[in-house]
Amino acid sequence: MDDTRLHAAVLARRDDLIALTRDLIRIPTLNPPGRNYLEVCEYLGARLAENGFVCEMIRATGAPADSDTHPRWNLVARRSGSKPGDCVHFNSHHDVVEVGHGWTRDPFGGELDDGRIYGRGACDMKGGLAASVIAAEAFLDVHPDFAGAVEISATADEESGGFGGVAYLAEKGYFDPARVQHVIIPEPLNKDRICLGHRGVWWAEIETKGRIAHGSMPFLGDSAIRHMGAVLHEIETVLYPHLATKRTEMPVVPEGARQSTLNINSIHGGEPEQDPDYTGLPAPCVADRCRIILDRRFLIEENITEVKAEVTSLLERVKTDRPGFEYEVRELFEVAPTMADRDAPIVRTVAAAIERVLARQPDYVVSPGTYDQKHIDRIGRLKNCIAYGPGILDLAHQPDEWVGVDDMLDSARVMALTLQELLVSPSPAP
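Below, the structure is looked at part by part. (Residues numbered from 1 in each chain as written. Predicted model: local features only at pLDDT ≥ 70, side-chain atom pairs only at ≥ 80, totals over all residues. Heavy atoms only, no water.)

1. A short note on the packing of helix H6 (residues 224-243) against helix H7 (residues 304-321)
Running from N to C, H6 and H7 point in directions that differ by 135°, and their axes come no closer than 10 Å. Relative to H7, H6 is oriented oblique. In this structure, H6 crosses over H7, and the sense of that crossing is right-handed. Side by side, H6 and H7 meet where Ala230, Val231, Glu234, Ile235, Val238, Leu239, His242 and Leu243 of the first sit next to Glu310, Leu314, Leu315, Arg317 and Val318 of the second. (Axes fitted to C-alpha atoms, helices over the stretch in contact; angles between N-to-C directions. Helix = DSSP H or I, 4+ residues; strand = E, 2+ residues; numbered from the N terminus. Parallel < 35°, antiparallel > 145°, perpendicular 65-115°, else oblique. Left-handed = near helix turned anticlockwise from the far one by under 90°. Contact = heavy atoms within 4.5 Å.)

Here is the structure:
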């Protein structure tokens, strides 16, 4: 099938792609707490409705973080073809992380400079969302008589687990394999890479317990912070070296993430920090509580039961050595590793499209962190799902985040070719 018309239709939308990306960045969908979710869904819904999509606005009522102050709104837009066929779904999250410090540009200005669009969420992942919209619109212009369906979703809370977005939609059947057959998530993994999946994650809070006493007589109390110090020492000297020996055959990027990793996300002990305007001194007390949050990323070769047992065994060893040591573990979040098969239909189709657009074979990678493929796989039971989109992964969540216009155009061409391959029957031979 000749790709010329489809390529031309995408490239003709260059200015529209720039304008759409800038508009999306200018809607500050900050998470937490979850601002402007309705506004961004209504903006996209109005545009897609003009192109014949049937749009649903879906609030994830009762999901974590959903409230009347910050409701978790999602958009699912569907355009059905003239005959039966598969459904290809592009899923993008619309939320962005906090701005942080170090910016030299307006984080929500959508500034265009030397072929780059700057702003929070430009790379992760409003550039990918815009590229999928442009790809779908170009495809529909060239192939109005297609088979099956095209879906585009803009979903909430990926940056905080996705429970108010894709997880909620999957529970409601929106990713049932009988309804949707192919899913592309335009996360920023670079335009010449296909991301097959991600590592697993286990978050847990460990609390050590002590007994409060006057700070001048600490021997009358029992310091939970000192107990936690023993836990941290055991993590540093035993667990970290053990994790460094675990390697995976998954093509995880960057290289350092091909082993098991553990991050101590936070530590809190003793009396709470006071407000910034407090000018007094702390009270002299022995800490009776200390907590840390563990962020453990694990490999497809590992078993989640063993991952948890490594930590509980460590704590039990400390308990054996320390009189009065008491602890509690609270599990916060867990996701199994997931990885699409290299021979899956969406993988093969996108790979062929990348070769046609970029004249090179794609790299196949796995993400070090999770994204919403976990819910499509685990809840939706849909395995034919990948991440593919424009943008450089290392720029995500950074100051002066940006996405390249040419990268978005190339990715949009790949996405449009994928739609053509999956939803358009080849013309019969003369």
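2. Digging into the side chain of aspartate 124
Considering the arrangement of structural elements, one finds aspartate 124 in helix H4 (residues 122-142). The side chain of aspartate 124 sits in the buried core without any salt bridge; arginine 120 is the nearest counter-charge, 7.6 Å away. Within the structure, the side chain of aspartate 124 is placed 3.2 Å from the side chain of histidine 397, a separation counted as a polar contact. With sequence-adjacent residues up to four places away left out, aspartate 124 is seen in contact with His93, Asp95, Val96, Glu159, Glu187, Pro188, Ala396, His397 and Glu401. (Buried < 20%, exposed > 50% of the residue type's maximum accessible area, 1.4 Å probe, protein only. Lys, Arg positive; Asp, Glu negative; His and termini not counted. Salt bridge = Lys/Arg side-chain N within 4 Å of Asp/Glu carboxyl O. Polar contact = N/O pair within 3.5 Å; in protein donor to acceptor, adjacent residues only side chain to side chain.)

3. Thoughts on the sheet that holds strand E4 (residues 112-113)
Spatially, E4-E5-E16 is the arrangement adopted by the three strands of the open sheet, whose pairing is antiparallel. In this open sheet, the two edge strands, each paired with only one partner strand, are E4 and strand E16 (402-404). Of the strands in this sheet, strand E5 (116-118) and E16 are in contact with H4, which crosses E16 at around 40°. (Pairing = 2+ DSSP bridges.)

4. Looking at the pairing of strand E7 (residues 182-185)
Of the two faces of E7, the one lined by His182 and Ile184 and the one lined by Val183 and Ile185 are each fully buried. Sheet topology note: the strand E3 (residues 83-93)/E7 ladder contains three bridges and is parallel. Across the sheet, residue phenylalanine 90 finds its bridge partner in E7, namely isoleucine 184. Of the strand pairs in this sheet, E7 and strand E15 (residues 385-387) are connected by three bridges, and their pairing is parallel. Bridged to isoleucine 185 within E15 is alanine 387.

5. Some details on a nonpolar patch on the surface
A cluster of nonpolar residues, Met217, Phe219 and Leu220, forms a patch on the protein surface that exposes about 330 Å² of accessible area. By the element assignment, phenylalanine 219 lies in the loop between strand E9 (200-209) and H6. Since its relative accessible area comes to 64%, phenylalanine 219 is described here as exposed. (Patch = residues over 30% accessible without salt bridge, like charges linked within 9 Å, V, L, I, M, F, W, Y side chains within 5 Å. Areas by Shrake-Rupley, 256 points an atom, 1.4 Å probe, with all protein chains shown as cover.)

6. Some words on the sheet that holds E9
Strand order in the open sheet formed by four strands is E10-E11-E9-E12, with antiparallel pairing between adjacent strands. The sheet is open, and its two edges are formed by strand E10 (261-269) and strand E12 (326-335), each paired on a single side. Looking at each pair of strands side by side, their axes are set apart by 15° on average, direction ignored. Here E9 pairs with strand E11 (residues 289-298) via ten bridges, running antiparallel. Among the inter-strand pairings, glycine 200 is bridged to a residue of E11, identified as phenylalanine 298. Its contacts with the sheet put H6 on E9, E10 and E11, and the angle it makes with E10 is roughly 175°. Against the sheet, H7 touches E9, E11 and E12, its axis set at about 165° to E12.

7. Concerning the packing of aromatic side chains
What the rule picks out here adds up to four aromatic pairs. Ring geometry for phenylalanine 139 versus phenylalanine 146: centroids 5.5 Å apart, planes at 65°, classification edge-to-face. Aromatic side chains tryptophan 203 and phenylalanine 333 sit 5.3 Å apart centroid to centroid with 65° between the ring planes, which places their arrangement in the edge-to-face category. Taken as a pair, tryptophan 203 in strand E9 and phenylalanine 333 in strand E12 lie far apart in primary sequence, 130 residues in all. Take tryptophan 203: its relative accessible area is 33%, and that puts it in the partly exposed class. Positioned over the ring face of tryptophan 402 is arginine 116, at 3.7 Å from the centre of the ring. Positioned above the aromatic ring of tyrosine 364 is the side chain of arginine 342, whose terminal nitrogen or guanidinium carbon lies 3.6 Å from the ring centre. (Phe/Tyr/Trp six-rings, centres within 6.5 Å; stacked < 30°, edge-to-face > 60°. Lys NZ or Arg CZ within 6 Å of the ring centre and 35° of its normal.)

8. Thoughts on the layout of surface pockets
Considering only enclosed or pocket space, the largest pocket measures out at about 1,000 Å³ in volume. Lining the largest pocket are 33 residues, and of these Glu159, Arg297, Gly369, Thr370 and His397 lie nearest its centre. Among the elements of the structure, E9, E10, E11 and E12 are those that each provide at least two residues to the lining of the largest pocket. (1 Å grid on protein atoms, 1.4 Å probe; cavity = no way out; pocket = protein on both sides within 12 Å on 5 of 7 lines; lining within 4 Å. Points joined across faces, edges and corners; volume = space filled by probe spheres on them.)

9. Description of the pattern of salt bridges
Across all of its chains, the model carries 36 salt bridges by this definition. Across the pair arginine 330 and glutamate 205 runs a salt bridge whose closest N-O atoms are separated by 2.3 Å. Within this pair, whereas arginine 330 is found in strand E12, its partner glutamate 205 is found in strand E9, the two being separated by 125 residues in sequence. Residue classification places arginine 330 among the partly exposed residues on the basis of a relative accessible area of 28%.

10. Observations concerning the packing of helix H2 (residues 14-25) against helix H3 (residues 37-50)
Between H2 and H3, whose axes approach to 11 Å, the crossing angle comes to 155°. With respect to H3, the element H2 is oriented roughly antiparallel. Along its contact with H2, which presents Asp16, Leu20, Asp23 and Leu24, the element H3 presents Val40, Tyr43, Leu44 and Arg47.

11. Details of unusual backbone geometry
Leaving glycine aside, a negative phi is the common case for residues, and trans is the common case for peptide bonds. Residue proline 32 is reached from asparagine 31 by a cis peptide bond, and omega for that bond is -5°. Here proline 32 is to be found in the loop between H2 and H3. Going from aspartate 124 to methionine 125, the amide bond is cis rather than trans, its omega being -5°. Even without a glycine there, the phi angle at alanine 359 is positive, about 60°. Within the element layout of this structure, alanine 359 appears in the loop between helix H8 (345-358) and strand E14 (363-367). Its identity as a non-glycine residue notwithstanding, arginine 381 has a phi of 60°, on the positive side. Position of arginine 381 among the secondary structure elements: in the loop between helix H9 (373-378) and E15. A relative accessible area of 59% means that arginine 381 is categorised as exposed.

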